[in-house]
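# Inside the fold
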Amino acid sequence: MTDPGLPDDILACLFDLDGVVTRTAVVHKAAWKEMFDAFLRERDGDAFRSFSDADYDEYVDGRPRADGVRTFLASRGIELPDGDPGDPPDARTVHGLGNRKNELLLERIRTDGVEAYDGTLNYLAAVRARGLRTAIVSSSANCRDVLRSIGAEHLFDVRIDGVVAAERGLPGKPEPDTFLAAAADLGVEPSRAAVFEDALAGMDAGRAGHFGYVVGVDRVGQADALYAHGADRVVTDLAELGGDK
C-alpha cells in the first residue's frame, strides 16, 4: 500500500461530499443557477444579472442551503423574509428559494444519477486500511441517500451532514463547527485530523478549526484560491496523495 501523503501524526480524515467524494458539485451549481436566474429574471425583468460561476464559488459553495441563499442575495442587495424550512418551493422566502433549488437538484440526480470519484474511493480504502478513522462532513441534507446510492456509506465511521447539523444546532461552513463535531465524534483532536474540501468555505472552516492538515481538491481550476483560503496542499484528485492508483 502506498503512503497516504499526510503528516505522520494525523489519525483521522474528514471529507466533504460534493466535489470530493461525488461528482455532484457541478449538479449543485446548475441547480443553484437555474433557481436564482429564474428568481432574478422574474424580479428584474430584462435587466436581470445572471448568477455566475464566481457567485457560486464566493457565496454558495459549501454553505448550508439557507445560508447560501442569504449570502448571495445580500451580495445583490436583496432582502427576503426567512420564512419556514417547510415553505413550498414557489414561496418568495429564503427557505422557499432553497427548497426550490433542492427540488431542481433532486430532479437532476434522478435523471442523471450520481457518480463517485474513483480516486477518492481508493484513497478512502487505503487510509482506512492503515487504521485512520474517517468522517463525511457535508452541508447537504441528502448526504446519506447520496452515499447509499454509490455504495459508500460503509467507508465512513461518522456522518455530520445537514440533518445532523440542524439537530445539533451547528452552524455550517465557513464556520468550523461541523468539522469539529466530526473530529469529536471520532475521538480525535482537530490538530490530528485532516480536512479534504473543494469549496472555499470549506477551506475557511479547516483553517478556522486549526486542523492538522487541510487538503484542497481542485476540480475547477481554482488552486490559487484554495491555497489563499487555507489549504496546506492542493491536488486535482486524491490519487495524487496516495492510495491505490
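Since this is a predicted model, take the numbers as computed values, not measurements.

### Quick notes on unusual backbone geometry
Here the bond from K173 into P174 is cis, since omega is 15 degrees, no more than 30 degrees from zero. Among the structural elements, P174 can be located in the loop between α7 (162–168) and α8 (177–186). Located in the positive-phi region is H210, a residue other than glycine, with phi close to 55 degrees. Residue classification places H210 among the exposed positions, given a relative accessible area of 64%.

### Digging into the sheet that holds strand β3 (residues 158–160)
The strands that make up a sheet pair up through hydrogen bonds in the backbone, lying either parallel or antiparallel. Spatially, the six strands line up as an open sheet ordered β3-β2-β1-β4-β5-β6, and their pairing is parallel. The open sheet has two edge strands with one neighbour each: β3 and β6 (233–235). Neighbour-to-neighbour, the strand axes of the sheet open up by a mean angle of 20 degrees, direction not taken into account. Pairing between strand β1 (residues 12–15) and strand β4 (residues 193–197): four bridges, direction parallel. Each residue of the ladder has a partner; that of A12, found in β4, is A193. Across the sheet, helix α9 (residues 200–208) touches β4 and β5 (213–217), and the angle it forms with β5 is around 175 degrees.

### Considering the packing of helix α1 (residues 25–44) against helix α2 (residues 53–60)
Geometrically, a packed helix pair is captured by the angle between its two axes and the distance between the axes. Put simply, α1 and α2 touch, their axes get as near as 10 Å, and they point 105 degrees apart. Between α1 and α2, the angle falls in the class roughly perpendicular. In this structure, α1 contributes A25, H28, K29, W32 and F36 to the contact, and α2 contributes D53, Y56 and V60. Its residues assigned to classes, the contact of α1 with α2 comprises five nonpolar, one polar and two charged.

### Digging into the layout of surface pockets
Each pocket or cavity is described by its volume, and for the largest pocket that value is around 630 Å³. Forming the walls of the largest pocket are 37 residues, and the residues nearest its centre are P64, R65, A66, S139 and G162. Breaking the lining of the largest pocket down by element, the ones donating at least two residues are α1, α2, α3 (65–75), α4 (94–112) and α7. Counting residues per element, the lining of the largest pocket draws most heavily on α4, which supplies six residues.

### Quick word on the pattern of salt bridges
Tallied over the entire structure, the rule returns 21 salt bridges. The salt bridge partner of R130 is D3, with a shortest N-O separation of 4.0 Å. Here the residue R130 occupies a position in the loop between α5 (118–129) and β2 (133–137), and D3 occupies one in the segment before β1, the gap between them amounting to 127 residues. Judged by relative accessible area, R130 falls into the partly exposed class, the value being 41%. Take D3: its relative accessible area is 44%, and that puts it in the partly exposed class. Here the salt bridges do not stand alone but share partners, grouping D16, K173 and E197 into one network.

About the cut-offs
Residues numbered from 1 in each chain as written. Predicted model: local features only at pLDDT ≥ 70, side-chain atom pairs only at ≥ 80, totals over all residues. Heavy atoms only, no water. Helix = DSSP H or I, 4+ residues; strand = E, 2+ residues; numbered from the N terminus. Buried < 20%, exposed > 50% of the residue type's maximum accessible area, 1.4 Å probe, protein only. Pairing = 2+ DSSP bridges. Axes fitted to C-alpha atoms, helices over the stretch in contact; angles between N-to-C directions. Contact = heavy atoms within 4.5 Å. Parallel < 35°, antiparallel > 145°, perpendicular 65-115°, else oblique. Nonpolar A, V, L, I, M, F, W, Y, C, P; charged D, E, K, R; others polar. 1 Å grid on protein atoms, 1.4 Å probe; cavity = no way out; pocket = protein on both sides within 12 Å on 5 of 7 lines; lining within 4 Å. Points joined across faces, edges and corners; volume = space filled by probe spheres on them. Salt bridge = Lys/Arg side-chain N within 4 Å of Asp/Glu carboxyl O.

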